[in-house]
Amino acid sequence: TQVWLGGDHYKWRLMRANGVDEFWVTGDAPDREKFQKWAETLEVAIGNPLYHWSHLELRRYFGYEGVLNGETAEEVWQLTQEKLSQPGMSARNLILNSGVTLLCTTDDPADDLRWHKALRDDESFPVKVLPAWRPDNAMGLEKPDYPAYLERLGHAAGMEIKSFEDLKEALKRRMAEFDAMGCRASDHGITQAVCRPVSDEELERVFQKGVEGQRLTQEEIEAFQTGFLTFVAGEYNQLGWVMQLHYGCRRNANTKMFEKVGRDTGYDCVLQGVPSLKLAEFLNLLNDHDALPRMVCYSLNSNDDDGINSVLGSFQDGTPLGRVQQGSAWWFNDHKAGITKQLTSFANAGLLGNFIGMLTDSRSFLSYPRHEYFRRILCQLIGGWVENGEYPADGKALEKIVKGICYNNAVEFFGFPLEKV
């Protein structure tokens, strides 16, 4: 229950949809009872990716070939309890036994990275663990706790932050620390793509207004986000980092439950709207200033797929694998239909063989079979095209495409310190 249901808001949403009271979801119910409620929920989850993921995990890590439901819950509970007590089920061994060669954590610019330093110096663990730069807090000028965050960031950077220029200097210092620890990617969670450039003087005014706790207008928030993102993009370009943009999500839609159980608990939803225009304007702004880094764009709204790909196709420059890419089907879309749709849209608008493949932000050490799930869907789609005569049955070429999408392209695109396979 703790390794499988703890922190997994995918499963929590499904349990609530099955009429399970919060007591058995995030409440204080005994672990065995929570597991029973999950098993009973899974029983009716036909067509849901959680049904596939869960049974893949039971097979790969526990050797269970049966079906989990309300009646088999006790059998599965006993099996998993016995297996989880074995040394081979430690966090490190789960990573090693899943064939992982490198993983990235998401880290705030104010984080001290001490655990990354410990892992770097630990020769007993061969998997590379790199930080990924996630500066959402640093861009959250409109939030009430922003001044307190600036103090924390300033402490990490060894300076006081009293202006937007100070903020940029603090971020540059922390980027240098992250880069020294092997960081190759940034990740930004924003509501929508933005592009509202303003003068340096206006940015400073907006920054001071926010720090003083005054309410910012939507236009001022977008101006600050644009200035912030433009600055960091230029720095990423110089460092050789990949910039990732995740947008299209309405966070904490249920205010009552947000106040009760907090953020990241399963109350987010897809934001409507097509951000292609603002995305195009933002990329053009970066391109005009020679500050466009390698970039991956993800929208939580799958209706944006074709628009994103048309925009990104306008900013390719001969860079291997493309300067900018659409990211994999994400969050509410990482199911069979969503993955197939994203792959097809990518193929229709560009070169699927150059795609960097699957990403999962799961919080579970048992979630690696989601990559197998992606590979199965990818190969079924490609195999269908071959069987239909839309691509030749050329084993060598197909092997190169599949290995590229599943491993090699990400190694090259991000510049990870790994050998291709």
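Details of the structure are given in the entry above.
The structure reproduced in this document is the subject of the present report. Sequence order sets the numbering: in each chain, residues are counted from 1 along the sequence as written. Reporting of local features is limited, given that this is a predicted model, to residues whose pLDDT is at least 70; pairs of side-chain atoms are given and counted only at 80 or more, and all residues count toward the totals for whole chains, interfaces and linings. Each side-chain value is worked out from all heavy atoms of the structure, with water and hydrogens disregarded.

This brings us to the packing of aromatic side chains. The description of two aromatic rings rests on the distance between their centres and on the angle between their planes. Aromatic rings from Phe, Tyr and Trp, taking only the six-membered ring of Trp, are treated as a pair when their centres fall within 6.5 Å; an angle between ring planes under 30 degrees marks them as stacked, one over 60 as edge-to-face, and anything in between as tilted. One pass over the full model with this rule turns up 18 aromatic pairs. Measuring from ring centre to ring centre gives 6.1 Å for Phe224 and Phe228, while their planes differ by 45°; the resulting arrangement is tilted. With a gap of 4 residues between them, Phe224 and Phe228 both fall in helix α11 (residues 218-239), about one helical turn apart. Given the relative accessible area of 1%, Phe228 is considered buried. Seen in terms of ring centroids, Phe346 and Phe355 are 4.8 Å apart; in terms of plane orientation they differ by 45°. Their pairing is tilted. For the residue pair Phe346 and Phe355, the accessibility class agrees, reading buried in each case. These aromatic residues form a ring-pair network of at least three members: Tyr146, Phe164, Phe207, Phe224 and Phe228. Above the plane of the ring of Trp24 lies Lys37, whose end atom (NZ or CZ) is 4.5 Å from the centre. Numbering of helices and strands runs from the N terminus; a helix is a DSSP stretch of H or I covering at least four residues, while a strand is a stretch of E covering at least two. Whether a residue is buried, partly exposed or exposed follows from its accessible area with a 1.4 Å probe, protein chains only, as a fraction of its type maximum: under 20%, in between, or over 50%, in that order. Look at NZ for Lys and CZ for Arg. If either is within 6 Å of the ring centre and within 35 degrees of the ring normal, a charge sits over the ring.

Turning our attention to the pattern of salt bridges. Take a side-chain nitrogen of Lys or Arg and a carboxyl oxygen of Asp or Glu: if they are within 4 Å of each other, that pair is a salt bridge. Counted according to the given criterion, the structure contains 27 salt bridges. We note a salt bridge from Glu165 to Lys168, for which the minimum N-O separation is 3.0 Å. Taken together, the residues Glu165 and Lys168, both in helix α9 (residues 164-180) and 3 residues apart, mark about one turn of the helix. By relative accessible area, Glu165 is classed as partly exposed at 45%. The closest approach of N and O atoms between Arg323 and Asp317, which form a salt bridge, is 2.7 Å. On the basis of relative accessible area, Asp317 is assigned to the partly exposed category, the value being 45%. A network of salt bridges, in which partner residues are shared, links Glu202, Arg205, Lys209 and Glu220.

Here we take up the pairing of strand β3 (residues 185-189). Across the 5 residues of β3, 4 count as buried, placing the element largely inside the fold. In this description, strands pair whenever DSSP reports at least two bridges between them. Note that β3 and strand β4 (residues 242-247) share 5 bridges and pair parallel. When the bridges of β4 are listed, Ala185 appears paired with Val242.

Our focus in this paragraph is the side chain of Lys209. Mapped onto the elements, Lys209 comes out in helix α10 (residues 200-211). Throughout, a contact is declared for two residues whenever any of their heavy atoms are within 4.5 Å. Discounting chain neighbours no more than four positions away, the residues touching Lys209 are Gln214, Arg215, Leu216 and Glu220.

This part covers the packing of helix α14 (residues 305-312) against helix α15 (residues 336-349). All axes here are fitted lines through C-alpha atoms, helices being fitted over the stretch that makes contact, and every angle between N-to-C directions spans 0 to 180 degrees. Across the interface, α14 lies against α15 with an axial gap of 9 Å and an inter-helix angle of 35°. Considering how the two elements wind past one another, α14 and α15 form a crossing that is right-handed. Listed contacts from α15 to Asp305, Asp306 and Asn309 of α14 are Lys341, Gln342, Ser345, Phe346 and Ala349. Each residue gets one label: Ala, Val, Leu, Ile, Met, Phe, Trp, Tyr, Cys and Pro are nonpolar, Asp, Glu, Lys and Arg are charged, and the others, such as Gly, are polar. Residue composition of the contact of α14 with α15, by class: 2 nonpolar, 3 polar and 3 charged. When the near helix sits turned anticlockwise from the far one by under a right angle, the crossing is termed left-handed; a clockwise turn instead gives a right-handed crossing.

Here, the term nonpolar core denotes a set of buried Ala, Val, Leu, Ile, Met, Phe, Trp, Tyr and Cys residues that are joined through side-chain atoms within 4.5 Å. Ranked by internal contacts, the top residues of the largest apolar core, which has 66 residues, are Trp38, Leu68, Leu343, Phe374 and Phe414. Per-element accounting of this core gives the leading share, 7 residues, to helix α16 (residues 369-387). Once residues within four sequence positions are removed from consideration, Leu68 is found in contact with Trp4, Phe35, Trp38, Ala39, Leu42, His55, Leu58, Ala73 and Val76. The next biggest cluster of nonpolar side chains, apart from the first, holds 54 residues, and it includes Tyr149, Leu167, Leu279 and Ile308.

Positioned with a positive phi, Asn252 is a non-glycine residue whose angle comes to about 50°. Mapped onto the elements, Asn252 comes out in the loop between β5 (249-250) and α12 (255-261). With a relative accessible area of 24%, Asn252 lands in the partly exposed category. Look at Asp264: it is not a glycine, yet its phi comes out positive at around 55°. When you line up the elements, Asp264 lands in the loop between α12 and β6 (269-270).

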